[in-house]
Amino acid sequence: MVTSQRHSSCKRRIFDLSSFRIYVRDMPQLMILIGCPEGMKQMKIGMIGIGKMGGNMSRRLMRAGHQCVVYARAAKAREELAKDGAIAATSVADLVAKLDEKPRAIWLMLPAGKVTEEMVEQLGGLLERDDIVIDGGNSFYKDDIRNASKLALKGIHYVDCGTSGGVWGIDRGYCLMIGGPKQAVDRLDPIFSALAPGTGVIPRTPNRANGDSRPERGYLHAGPSGAGHFVKMVHNGIEYGMMQAYAEGFDILRHKDSKDLPQDERYGLNMPDIAEVWRRGSVISSWLLDLGAAALAKDPQLKTYSGFVQDSGEGRWAVEAAIEEAVPAAVLTSALYTRFRSRQEHTFGEKMLSAMRYGFGGHIEGKEPIDPEPVIKPAPARVATTDAAE
């Protein structure tokens, strides 16, 4: 149950969310207490890469009482965060120097690959024994294993942290999947706790009373180096599959008024309303559906989108992992390939199909109906099942 009251001494509301409180003040620059346990240690942490994710994560940490030293190549990004209370550094070396509490911790929110690799290498030459580098981006887990080994030679800890939450994470919190040595992960617990969503109003899962409480609060120490990004990689592969299932389902609904169907079987279905009703009590409700419903409510025909769908890499790596482990992953693989397909008007494979169709049947491109007349067959009798509610 959520209750609300206005505090008498300042412009803020207190929302009682049962297991923790969130204080939201109407005036800018003031603290939001994000469900951190009382007495939690405040830390000073470096943040390199302060775009949409890194910037908002810094703000969330500062609202929880932590101090952030931030760096990005763009001076404007540094200046914006400085207005919110961060300490802006003019270079990576300057950031390290401004972290005067040792051992130091530096969080990277950079693109996976060369940029992150070069930054890890640079930090390896600036940091000291027992300092910690956290890669919170979407790096490949095998790169984490290699980076951890290199830094370990200098006594520097490396922690990989798969981070889910997107642009909404500043308010909703971030789901964190962490890999690395226990000593380093435990030391960073105040940071992870502040970034994570907390227990909120989600009911406890039965039989978890004696388990690790961190997953219930939105963060997990998954295992040694690379384990965090591996779990996040599979998470994103599942995300691809879920999104593709929604996309295909709504495509079927959208075309139920096709001229190729018998007149009495055509329906002009309301996409925004269907998305909305599925959000409420349905077994397929999810945050992804929430986002889809919001998009349809704003633009029912989705005219502002081209249908060009990019992939960020984790979907490919998830499929590669499935191949290495000989695990069938038909849904994840198909979803990834569909994203590839979305970027091309006509593929070479489709040209090959046309060539073969011309070869065996003389079919000429553009000279045939796009949608051939359907063959009308009697609908088969349907048998009710125990899964009818789904």
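Rules and cut-offs
- Residues numbered from 1 in each chain as written.
- Predicted model: local features only at pLDDT ≥ 70, side-chain atom pairs only at ≥ 80, totals over all residues.
- Heavy atoms only, no water.
- Helix = DSSP H or I, 4+ residues; strand = E, 2+ residues; numbered from the N terminus.
- Buried < 20%, exposed > 50% of the residue type's maximum accessible area, 1.4 Å probe, protein only.
- Lys, Arg positive; Asp, Glu negative; His and termini not counted.
- Salt bridge = Lys/Arg side-chain N within 4 Å of Asp/Glu carboxyl O.
- Contact = heavy atoms within 4.5 Å.
- Phe/Tyr/Trp six-rings, centres within 6.5 Å; stacked < 30°, edge-to-face > 60°.
- Lys NZ or Arg CZ within 6 Å of the ring centre and 35° of its normal.
- Expected span 1.5 Å × (residues − 1).
- Arc of directions from axis to C-beta.

Peer 1: Explain the side chain of lysine 232 here, please?
Peer 2: Inspection of the secondary structure assignment puts lysine 232 in helix 9 (residues 227-254). Buried charge without a salt bridge: lysine 232, with glutamate 314 as the nearest opposite-charge side chain at an N-O distance of 4.5 Å. If sequence neighbours within four positions are ignored, lysine 232 has contacts with Asn138, Gly162, Thr163, Ser164, Met177 and Glu314.

Peer 1: So what exactly am I meant to see when it comes to the pattern of salt bridges here?
Peer 2: When the charged atoms of two side chains lie near each other, side chains of opposite charge can form a pair. Evaluated as defined, the whole model comprises 24 salt bridges. Lysine 142 serves as the salt-bridge partner of glutamate 324, at 2.9 Å between the closest nitrogen and oxygen. Of the two residues, glutamate 324 is situated in helix 12 (residues 314-325) and lysine 142 in helix 5 (residues 141-152); the sequence distance between them amounts to 182 residues. With relative accessibility at 35%, the residue lysine 142 sits in the partly exposed group. Across the pair glutamate 216 and arginine 204 runs a salt bridge whose closest N-O atoms are separated by 2.9 Å.

Peer 1: Explain the packing of aromatic side chains to me, please; I cannot follow it from the model alone.
Peer 2: Aromatic ring pairs are described here by two measures, namely the spacing of the ring centres and the angle between the planes. Taken as a whole and judged by the stated rule, the model has seven aromatic pairs. Residues phenylalanine 192 and tyrosine 219 carry aromatic rings whose centres are separated by 6.3 Å and whose planes lie at 40° to one another, so their mutual orientation is tilted. Here tyrosine 219 lies in strand 11 (residues 219-223) and phenylalanine 192 lies in helix 8 (residues 189-195), a separation of 27 residues in the sequence. Given the relative accessible area of 2%, tyrosine 219 is considered buried. Members of the aromatic cluster, each reached through a chain of ring pairs, are Phe140, Tyr141, Phe230 and Trp317. Positioned over the ring face of tryptophan 287 is arginine 172, at 3.9 Å from the centre of the ring. One residue, arginine 339, lies across the ring of tyrosine 240, its end atom 3.7 Å from the ring centre.

Peer 1: Explain helix 11 (residues 287-298) to me, please; I cannot follow it from the model alone.
Peer 2: One turn of the α-helix equals 3.6 residues, which is why residues spaced by three or four share an orientation. With 12 residues, helix 11 should reach 16 Å at 1.5 Å per residue; the first-to-last C-alpha distance of 17 Å fits that figure. By the burial criterion, the buried members of helix 11 are Leu289, Ala293 and Leu296. Looking straight down helix 11, one finds that the buried residues subtend no more than 65° of arc, so they occupy a single side.

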